[in-house]
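Remarks on the overall topology
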Amino acid sequence: MIGALLLMLAAADPGALADMMEPVLLDTVWRGLNLDAELVAHHRGYLAYLDAHPEAASAEEAHSDLTTTTGYRGAVWGFDAALWNNPAVQDRFDAYFERLATDAGLRRKVGALYRVEFGDPKLRRNHGGAMAYLRAHPAQALRFLDHPSRLRPTPDSLRGLYGYLSNHDSVREELRACFEQLDQEAAAHVDVYSWWALLAPGKGETAERYEALTAHFARYPHHFWVWHRRNTALARDPSGRDWIRYWNRRVRHATGLGARYAKYLKVLRRRPELRRAAETEWQREHGGAPSWPPATPVPELPAPLEKKNAKEKKRGRMTIDGPRKPNTPTISKPSATATPKKPRAPKRPKSPSRNPTSATRNRGW
């Protein structure tokens, strides 16, 4: 009954439904944070850090707002899980964005390449794998983009792009100019190409997750720039980035938080009086907000256990094991019986003797 009422309300006035659900969201996250004083400390410190770093805050808040949508959240969290599972790959990811954060010229040239890709609808929708291959093989990319027929044999990943560029010279020339500009940057050969090489099709979990991420960006190209700028902005302060990453990952699996946390932050930005009220309560109970990021090393979080292609189990449903199939009974084959002997014909009885004395003796008289 309540579910039907909420659906009717959503159809009539979506804003009214949001107003009804907001108290539930606030209460759930409030309870989740207060389950552990350490969660409260990180939450308060994280918000204080963003207050003190407006450039990082702008990029982080835009990213946080997008994680309230299912598609962006799933793609970004899936890719982050791949980094979480492989610290060496995560280090290459961090080196890439740290280089972009500190080298404005290189950042512009990398951005120019992505603008060509995401600015052409057919290129981004149909040839994302080919673009990943070109970025992972920049020497081949220069030969291919100079004239597609010069790269022989044509790699399977580039066959579709070969046909497309054959009819779109302007796109090919733009891409070639971007790769030529990048090739002149020594830093690109150190920190850019080494990261892109890990994203080539078939290179493992990271490449697979990144392919899913770019598939989302192909549908919503502006989401790419939100994600890209957020990572670049955070890379300007590696310590702050590492703690923000730790906090976001911890929130993801915390009771009562998860996807709700970004929605909660969005409400707080819209209604700052709620944040002030919460801070007053925590001041009374815990004292002032802690210095953040902490000076201690970032704790290690166990990587999430995610099996490839495993379907998520539905929560809250009882699983009952069915009865086992009984074993097929083993029936011993009876041994063959011996062929019965042919019965003998009965002997013909002797004719009784005609001697009366003898007959009487035989009857026992």
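For clarity, every value in this text was computed on a predicted model and none was experimentally measured.

**Topic: the overall build of the protein chain**
Tallying secondary structure elements over the protein chain gives 19 helices and zero strands in all. Taking all 365 residues of the protein chain together, the buried fraction comes to 39%. For the protein chain, long-range pairs separated by at least 24 residues make up 74% of all intrachain contacts whose partners lie at least 6 apart in sequence. When the accessible surface of the protein chain is split by element, carbon and sulfur atoms take 54% of a total near 22900 Å².

**Observations regarding the packing of aromatic side chains**
Under the counting rule described, the total for this entry stands at 29 aromatic pairs. Arranged with centres 5.0 Å apart and planes meeting at 65°, the rings of phenylalanine 93 and phenylalanine 97 form a pair that is edge-to-face. Here phenylalanine 93 pairs with phenylalanine 97, and both are found in helix H6 (residues 87-102), just four residues apart, close to one helical turn. When its relative accessible area of 4% is taken as the criterion, phenylalanine 93 is described as buried. Classification of phenylalanine 97 as buried rests on a relative accessible area of 2%. Ring centres of tyrosine 210 and tryptophan 227 lie 6.5 Å apart, and the angle between their planes is 50°; this geometry places the pair in the tilted category. With tyrosine 210 in helix H14 (residues 205-219) and tryptophan 227 in helix H15 (residues 221-234), the pair connects residues that are 17 residues apart, well separated along the chain. Overall, tryptophan 227 belongs to the buried group, its relative accessible area being 6%. Over the ring of tryptophan 225 we find arginine 115, and its NZ or CZ is 4.7 Å from the ring centre. One cation-aromatic arrangement involves arginine 135 over tryptophan 196; the distance from NZ or CZ to the ring centre is 6.0 Å.

**Thoughts on helix H7 (residues 104-119)**
With 16 residues, H7 should cover 22 Å at 1.5 Å per step; its first-to-last C-alpha distance of 21 Å lies within 8% of that length. Along H7, the residues that are buried comprise Leu106, Val110, Gly111, Leu113, Tyr114, Val116, Glu117 and Phe118. Between the side-chain oxygen at the start of H7 and the backbone nitrogen of glycine 105 there is a gap of 3.3 Å, and the oxygen is on aspartate 103.

**Overview of the confidence of the model for the protein chain**
With 78% of its residues at a pLDDT of 70 or more, the protein chain shows a mean pLDDT of 84. Predicted confidence for residues 1-19 stays below pLDDT 50, and this span has seven contacts to residues more than four positions away or in other chains. Contacts from residues 328-338, a stretch scored under 50 in pLDDT, to residues over four places away or in other chains number zero contacts.

**Some thoughts on the pattern of salt bridges**
Within this structure, the stated rule accounts for 28 salt bridges. In this structure, the salt-bridge partner of arginine 230 is glutamate 60, at a minimum N-O distance of 2.7 Å. Residue arginine 230 is found in helix H15, and its partner glutamate 60 is found in helix H4 (residues 54-66); the two are separated by 170 residues along the sequence. The exposure class assigned to arginine 230 is buried, which follows from its relative accessible area of 11%. Here glutamate 281 makes a salt bridge to arginine 284, at a shortest N to O gap of 2.8 Å. Here glutamate 281 and its partner arginine 284 are both found in helix H18 (residues 272-286), three residues apart, which amounts to about one turn of the helix. Residue classification places glutamate 281 among the partly exposed positions, given a relative accessible area of 33%. The class for arginine 284 is exposed, based on a relative accessible area of 60%.

**With respect to unusual backbone geometry**
Cis geometry marks the peptide bond from arginine 152 to proline 153; its omega dihedral reads -10°. Looking at where proline 153 falls in the secondary structure, it is placed in the loop between helix H10 (138-146) and helix H11 (159-166). Following tryptophan 292, the chain continues into proline 293 via a peptide bond in cis, with omega recorded as 5°.

Analysis parameters
Residues numbered from 1 in each chain as written. Predicted model: local features only at pLDDT ≥ 70, side-chain atom pairs only at ≥ 80, totals over all residues. Heavy atoms only, no water. Helix = DSSP H or I, 4+ residues; strand = E, 2+ residues; numbered from the N terminus. Buried < 20%, exposed > 50% of the residue type's maximum accessible area, 1.4 Å probe, protein only. Contact = heavy atoms within 4.5 Å. Areas by Shrake-Rupley, 256 points an atom, 1.4 Å probe, with all protein chains shown as cover. Phe/Tyr/Trp six-rings, centres within 6.5 Å; stacked < 30°, edge-to-face > 60°. Lys NZ or Arg CZ within 6 Å of the ring centre and 35° of its normal. Expected span 1.5 Å × (residues − 1). Polar contact = N/O pair within 3.5 Å; in protein donor to acceptor, adjacent residues only side chain to side chain. pLDDT = per-residue confidence, 0-100. Salt bridge = Lys/Arg side-chain N within 4 Å of Asp/Glu carboxyl O.

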